[in-house]
2 protein chains.
Amino acid sequence: MFRKVLIAEDIDSINLGIVTNLKKSFDFEIAHVKYCDDAILKVKKALLEALPYDLLITDLSFKPDHRNCNICSGDELAREVLKLHPPTKIIMYSIEDRPLKIKNFFNEPGIHGYVCKGRESAREINKAIETVYKNEYYLSQSLDYAIKGTPVMEIDDYDIRLINELANGLLQDEIAKNFKAEGVFPASLSSIEKRLNKLKIYFKAKNSTHLVAIVKDLGLI
Amino acid sequence: MFRKVLIAEDIDSINLGIVTNLKKSFDFEIAHVKYCDDAILKVKKALLEALPYDLLITDLSFKPDHRNCNICSGDELAREVLKLHPPTKIIMYSIEDRPLKIKNFFNEPGIHGYVCKGRESAREINKAIETVYKNEYYLSQSLDYAIKGTPVMEIDDYDIRLINELANGLLQDEIAKNFKAEGVFPASLSSIEKRLNKLKIYFKAKNSTHLVAIVKDLGLI
DNA sequence: TTTTTACTTACGGAAAACCGTAGTCAGCAA
DNA sequence: TTGCTGACTACGGTTTTCCGTAAGTAAAAA
């Protein structure tokens, strides 16, 4: 079984809940931190001692507070930990339930398990630990169906940037000029109009304002 | 001190964390539920036994799942509990940190304390319990400044409805027609244009799309 | 009672979004 | 090598938003 497990979670009552639950079911050594940067320090220290963490359980979002953070989110943390020690297994444990976002986390940074916070998630964390220990992937069952049913969506960074610029109040003409100045391609007003039209069809939006509202609700921007 | 405390929280690891923490610091009887409807049943049962809950600690949002729920959120739960047993103190414990929303909860349904989930919130829950026991109000310190700093905002239901209709993709002309048909006043296109202009000035939005984005970020719609 | 202020409504013009057509170019398939 | 497809770009027309002005009305202040 795993021997050294690191938990990164900012909410203290969740930290306490996870640790209490894991101690009932497993025998491994558990450490827990509230800041991603502290997690990185622990991982580095463990590597120096030749006793690396073989499992990381991390939340996705970490509230900013008075401390300046270099790493501020669970996906960034996972990316760094996998760089430092590629054999480490990563289980993400978050309230996030947007299928596309979660699916992408398996690709990049390359997590091994995802448990959606819920009424039975303590039991799911245990199953996730057992599953990723066997080198299999784990996904909360409440998400599994949703993710398999999600249509292939070819929304790329350009599209997100475009909608974001609209949401920030820029006119299409201004966006075109900015894209041209920055070397973002394509940059013509017409192309922007056509791309926005495609996005509206895809998201079933009636106009640009509606599109921005839908995309915000989906959490893509 | 309080004698019977009810905790309503859907995430099991948070439930476990809160209960574990409270047992370290207090001596009262603790019950916990994952569904608001179950909380109501417990409150009613306790009233029948003439041993009512004198404190409720509740989350704000409860994930919908396979069960059909009559009461689906912490504010609805608080409202019902205060109807059933007005002396019960209510502490809300949530990830929500939008100042206006939280401020409103003190007015309606009339909560007595609010703790924002965070790194030190276990300690804050304890302070909140002691504070509301003394018939004082408790507010997470991280919010206190933000709430006091919030300007008086003269946005009324009409404004919210208007922005919401835009966010739902309706044209200004369509909104005018709908308002006229429903007897919403004022309903002319010109008045809607002028009201939107005022809102844009108030929120410092460059256009209607920007306005919708800002208002969504603020959590007003 | 009179005057002032604020809001509603209508309207016209400018700006921006929306929409369709056409030409060009690059990449892919036959 | 040739033909086809998809994307980019330009442009013109229509629709919608934005903006300002003016008239009417109701409420508040003098």
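Worth saying up front: this structure is predicted, and the values here are computed from it rather than measured.

Asks: Quick rundown of the protein's contact with DNA strand C? Include the residues and the values.
Replies: Near DNA strand C there are 17 residues, and of these Gln172(A), Glu193(A), Ser208(A), Ser188(B) and Ser190(B) occur at the shortest range. Between DNA strand C and the protein, one listed contact pairs a base oxygen with a side-chain N or O atom of Lys194(A) at 3.1 Å. Separating a phosphate oxygen of DNA strand C from a side-chain N or O atom of Ser208(A) is a distance of 2.7 Å. When residues of the surface near DNA strand C are traced back to their parent elements, those giving at least two are helix H9 (189–203) of chain A together with helix H9 (189–203) of chain B. Residue composition of the surface near DNA strand C, grouped by class: four nonpolar, seven polar and six charged.

Asks: Which residues make up the nonpolar core, and what values go with them?
Replies: Within the largest apolar cluster, 40 residues are counted, with the highest numbers of intra-cluster contacts made by Leu22(A), Ile57(A), Ile129(A), Leu22(B), Ile57(B) and Ile129(B). Setting aside residues up to four positions removed in sequence, Leu22(A) forms contacts with Ile7(A), Phe28(A), Ile30(A), Ile57(A), Ile125(A), Asn126(A) and Ile129(A).

Asks: Account for the UniProt feature "modified residue: 4-aspartylphosphate" (unreviewed entry) in chain A, naming residues and giving values.
Replies: Residue and element names in this part refer to chain A. Feature annotation in UniProt assigns "modified residue: 4-aspartylphosphate" (unreviewed entry) to the following positions: Asp 59. In this fold, Asp 59 is placed in the loop between strand E3 (55–58) and helix H3 (74–84). Each residue touching Asp 59, except ones within four places of it in the same chain, is listed here: Ala 8, Glu 9, Asp 10, Gly 74, Tyr 93, Ser 94 and Lys 117.

Asks: Can you explain the environment of Ile175(B)? Please cite residues and give values.
Replies: All names here are of chain B. Its location among the elements puts Ile 175 in helix H8 (residues 172–182). On the basis of relative accessible area, Ile 175 is assigned to the buried category, the value being 0%. Sequence-wise, Ile 175 and Glu 29 are 146 residues apart; in three dimensions their C-alpha atoms are separated by 53 Å.

Parameters at a glance
- Residues numbered from 1 in each chain as written.
- Chains lettered and ligands numbered in written order.
- Predicted model: local features only at pLDDT ≥ 70, side-chain atom pairs only at ≥ 80, totals over all residues.
- Heavy atoms only, no water.
- Near = heavy atom within 4 Å.
- Polar contact = N/O pair within 3.5 Å; in protein donor to acceptor, adjacent residues only side chain to side chain.
- Helix = DSSP H or I, 4+ residues; strand = E, 2+ residues; numbered from the N terminus.
- Nonpolar A, V, L, I, M, F, W, Y, C, P; charged D, E, K, R; others polar.
- Core = buried A, V, L, I, M, F, W, Y, C linked by side-chain atoms within 4.5 Å.
- Buried < 20%, exposed > 50% of the residue type's maximum accessible area, 1.4 Å probe, protein only.
- Contact = heavy atoms within 4.5 Å.
- UniProt positions renumbered as here; feature names shortened; annotations may be inferred.

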